[in-house]
Amino acid sequence: MKQSLAPLRPDLAAIAGMVPAGARVLDIGCGDGALLEHLVTAKSVDGRGLELNQQNVNACVARGLSVVQGDADTDLGEYPSSIFDIAILSQTIQATRRPQYVLSQLLRIGRRTIVSLPNFGHWRVRLSLLARGRMPVTDALGYRWFETPNIHLCTIADFVALTNDAGAHIERALALRASGATHEMHPSAWGPNLFAEGAIFLLAKR
């Protein structure tokens, strides 16, 4: 009898939908392990995790997950190339010191890479900057400027440009709405860059 799992956040559920059953998965910045636990239990993946926060590592281990403490900015180079079918970086790339390096490592160690991120180009963010002249606080960007762990904020268009620089092919792209719903988008479309709270990309090395 399979373990009963709590429902995933909509964005994590969308990521889970991109992961094939039985895949070898590395979840970088896996937090408390909710997504990784779902993938291991519901999709029988061979799952591993890398997490910076030791309390989160402890929470993952308590769930029975194989997660180690580590830093995406420095530790991904230790993994062999193409060792995983899927490398996942969920809502984390904007908190790394070297996003381009991290993305290049993800593409190297995973045959496919899934990245999700908040969209700093959302119209509410633009309007707040224009009308109030202050850094905005939104559902997707829920910290004041001096408290935020997000050090490299970008728009969807910025990330698409980064994937081109990194030599990545975008196989699939989803826009995230404020409600948590997702819908397919064309990576170069202007609409999601203005109206989406965030995005999820399925990438492969060109």
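Look a little higher up for the structure.
This section reports on the structure supplied with the text. This structure is a prediction, so every number in the text was calculated from the model and none was measured.

Spatially, the 8 strands line up as an open sheet ordered S3-S2-S1-S4-S5-S8-S6-S7, and their pairing is mixed. With one partner strand each, in any of the chains shown, strand S3 (67–69) and strand S7 (182–184) form the two edges of the open sheet. Here the strands of the sheet are splayed against their neighbours by 20° on average, with no regard to which way each runs. The pairing of strand S2 (residues 46–51) with S3 spans 3 bridges and is classified as parallel. By the bridge assignment, Glu51 is partnered in S3 with Gln69. Docked against the sheet, helix H2 (residues 34–43) engages strand S1 (24–28), S2, S3 and strand S4 (84–90), running at close to 170° with respect to S2. Along the sheet face, helix H5 (residues 99–109) touches S1, S4, strand S5 (110–118), strand S6 (168–176) and strand S8 (198–205) and points at about 145° away from the line of S5.

Before going further, it helps to examine the packing of aromatic side chains. Applying the stated rule across the entire model yields 3 aromatic pairs. Summarising the aromatic geometry, the rings of Phe159 and Phe201 are spaced 5.0 Å apart at their centres and angled 40° between planes, so their arrangement reads as tilted. Residue Phe159 is located in helix H7 (residues 156–165), and its partner Phe201 is located in strand S8; the two are separated by 42 residues in the primary sequence. When sorted by exposure, Phe159 lands in the same class as Phe201, which is buried. Cation over ring: Arg98 sits above Tyr101, and NZ or CZ is 4.1 Å from the ring centre.

Calculation criteria
Residues numbered from 1 in each chain as written. Predicted model: local features only at pLDDT ≥ 70, side-chain atom pairs only at ≥ 80, totals over all residues. Heavy atoms only, no water. Pairing = 2+ DSSP bridges. Helix = DSSP H or I, 4+ residues; strand = E, 2+ residues; numbered from the N terminus. Axes fitted to C-alpha atoms, helices over the stretch in contact; angles between N-to-C directions. Contact = heavy atoms within 4.5 Å. Phe/Tyr/Trp six-rings, centres within 6.5 Å; stacked < 30°, edge-to-face > 60°. Buried < 20%, exposed > 50% of the residue type's maximum accessible area, 1.4 Å probe, protein only. Lys NZ or Arg CZ within 6 Å of the ring centre and 35° of its normal.

In short, geometric facts, not functional conclusions.
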